[in-house]
Amino acid sequence: MVTVRAPGKVILYGEHAVVYGEPALAMAVNKYIYVTAKARDDNKVSINARDLRLAGISVTIHENGDIVARTDYGAVISALSYVKRAVELAMEYFNKKVGIDLMIRSEMPVGAGLGTSAAVAVATILAYVKELGYDVDKRELARLAWQVERDVQGSASPTDTTMATFGGIMYIKPEGNSTAMEPVKPGVTIPLIIGYTPRVSTTKDLVAMVRRKYESMRDVIEPIIRSIGVITRKGREALEKGDLELMGVLMNINHGLLDALGVSTKQLNEMVYVARYAGALGSKLTGAGGGGCMIALTNKSEVEKAIELTGGSVLKAGLDTDGTVVISND
Ligand code: MEV
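Residues numbered from 1 in each chain as written. Predicted model: local features only at pLDDT ≥ 70, side-chain atom pairs only at ≥ 80, totals over all residues.

## Overview of the overall build of the protein
Working step 1: Across its full length, the protein holds nine helices and 12 strands.
Working step 2: Relative to a compact globule of 330 residues, whose C-alpha radius of gyration would be 20 Å, the protein shows 19 Å and is just as compact.
Working step 3: Here the C-alpha coordinates of the protein stretch approximately 60 × 40 × 40 Å along the principal axes.
Working step 4: By sequence separation, contacts in the protein at least 24 residues apart represent 71% of the contacts at least 6 residues apart. (Helix = DSSP H or I, 4+ residues; strand = E, 2+ residues; numbered from the N terminus. Rg over C-alpha atoms; globule rule 2.2 N^0.38 Å. Contact = placed C-beta atoms within 7 Å.)

The structure is reproduced here in structure tokens:
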């Protein structure tokens, strides 16, 4: 029996624009998805996602891929599609179909913009591989998990899967089918508060919505995407120099541009604005938007309180430097 964990992430700058080839700057956080894998004697794949926050369920996927037990909770079903695809790809990659029991647990709200689906994909593949007694190089693991996200979502950048695999702070630049990633050494500890509000849209729908705008008004949307790219490059420089003031200003501009793309919500905007008024150096939504998470560049307790007063929840998280790791192998 093997247990693996993979971290969530926040995007400091660059979400959505990264889908169009611009860089993103992301930080892995010390909140984890845990996957325990145990080989079975038959060829069934059983997924117990009881701890995926939303519902107590146990779902069995037959060899032909059919889900035989269902739940009404859309988010659970969508989390399960990542697990299912991750297992299929791992089976294909090693050309070995071994039945497996998977137990999945999350320390983060699922589908909230913290990269839980990527962490689920990474941890599921690694747990399956290790339980079968194989090894997988981290680059290969990140590539397979990115494939899972693309297959399930239709379109995805390698940002979330790279962070769940490698951890740390990364400057990520998609280059066609591969990913240029550079670990970033911060010149300062990043003071960060994460605010959370329930999600009203999925990443898949939001990425598709931005794509429709891009196709129908390219002359308007393209400059916004390129501007976000410039912000990300400047944000990286500011982080390396330890210039928190500049980082905050750039976060605020980045949020304005994401709002212009239509991916923010009233509740997210409220959290973003109260955080600034309560003393954060900067704040923005993080991840795909449509509800979900925002980050504030601060560690002031007033900012936490202000976020909670809008009805949002606060999640305290620091930097994860390890990426995915096996935490037990009996
Ligand atoms: C999601 O965490 C970030 C997006 O840019 C989508 C992606 O990069 O695949 C919105």
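After that view of the structure, there is still more to cover.
## Considerations on the domain arrangement of the protein
Working step 1: Annotation of the protein at the domain level lists domain 1 (2–184 + 319–329) and domain 2 (192–315).
Working step 2: Its C-alpha centre places domain 1 at a distance of 24 Å from the equivalent point of domain 2.
Working step 3: At the junction of the two partners, domain 1 supplies 25 residues and domain 2 supplies 29 residues.
Working step 4: Elements supplying a minimum of two residues to the side of domain 1 that touches domain 2: β1 (2–13) and β2 (24–39).
Working step 5: Here the side of domain 1 that touches domain 2 gets four residues from one element, more than from any other, and that element is β1.
Working step 6: Considering only residue class, the side of domain 1 that touches domain 2 consists of 15 nonpolar, eight polar and two charged. (Domains from an automatic or database assignment. Nonpolar A, V, L, I, M, F, W, Y, C, P; charged D, E, K, R; others polar.)

## Concerning the UniProt feature "domain: GHMP kinase C-terminal" (unreviewed entry) in the protein
Working step 1: According to UniProt, the positions carrying the feature "domain: GHMP kinase C-terminal" (unreviewed entry) are residues 237–308.
Working step 2: Overall, residues 237–308 shows 60% helix and 14% strand. The separation of its end C-alpha atoms is 32 Å. (UniProt positions renumbered as here; feature names shortened; annotations may be inferred.)

## Details of the sheet that holds strand β8 (residues 192–197)
Working step 1: Here we have four strands laid out as an open sheet, ordered β9-β10-β8-β11, and antiparallel in their pairing. Whereas interior strands pair on both sides, the edge strands pair on one side only; in this sheet they are β9 (283–286) and β11 (313–315). Looking at each pair of strands side by side, their axes are set apart by 30° on average, direction ignored.
Working step 2: In this structure, β8 lies alongside β11, joined through three bridges in antiparallel fashion. Residue pairing across strands places Tyr 196 opposite Ser 313, the latter belonging to β11.
Working step 3: Most of the contacts of helix α7 (residues 244–261) go to β9, to which it runs at about 50°, and overall it touches β9 and β10 (292–297). (Pairing = 2+ DSSP bridges. Axes fitted to C-alpha atoms, helices over the stretch in contact; angles between N-to-C directions.)

## Here's the deal with the UniProt feature "active site" (unreviewed entry) in the protein
Working step 1: The feature "active site" (unreviewed entry), as given by UniProt, occupies Asp 160 in the numbering adopted here.
Working step 2: Mapped onto the secondary structure, Asp 160 falls in helix α4 (residues 159–166).
Working step 3: Asp 160 has contacts with Lys 9, Gly 115, Ala 118 and Glu 149, leaving out every residue within four places of it along the chain.

## Quick notes on the pairing of β1
Working step 1: In terms of residue burial, β1 counts as a mostly covered element, since 12 of its 12 residues are buried.
Working step 2: The sheet contact formed by β1 and strand β12 (residues 325–329) spans four bridges and is antiparallel. By the bridge assignment for β12, Val 2 is matched with Asn 329. (Buried ≥ 20, exposed ≤ 12 C-beta atoms within 10 Å, placed from the backbone.)

## Re the site of the ligand
Working step 1: The environment of the ligand is made up of 15 residues, and the closest members are Glu 15, Ala 156, Ser 157, Gly 287 and Ala 288.
Working step 2: At the level of secondary structure, the elements contributing two or more residues to the shell around the ligand comprise α4 and α5 (203–216).
Working step 3: For the shell around the ligand, the class distribution of residues is six nonpolar, seven polar and two charged.
Working step 4: Structurally, the shell around the ligand is a two-domain feature, drawing no fewer than three residues from each of domain 1 (2–184 + 319–329) and domain 2 (192–315). (Near = placed C-beta within 6 Å.)

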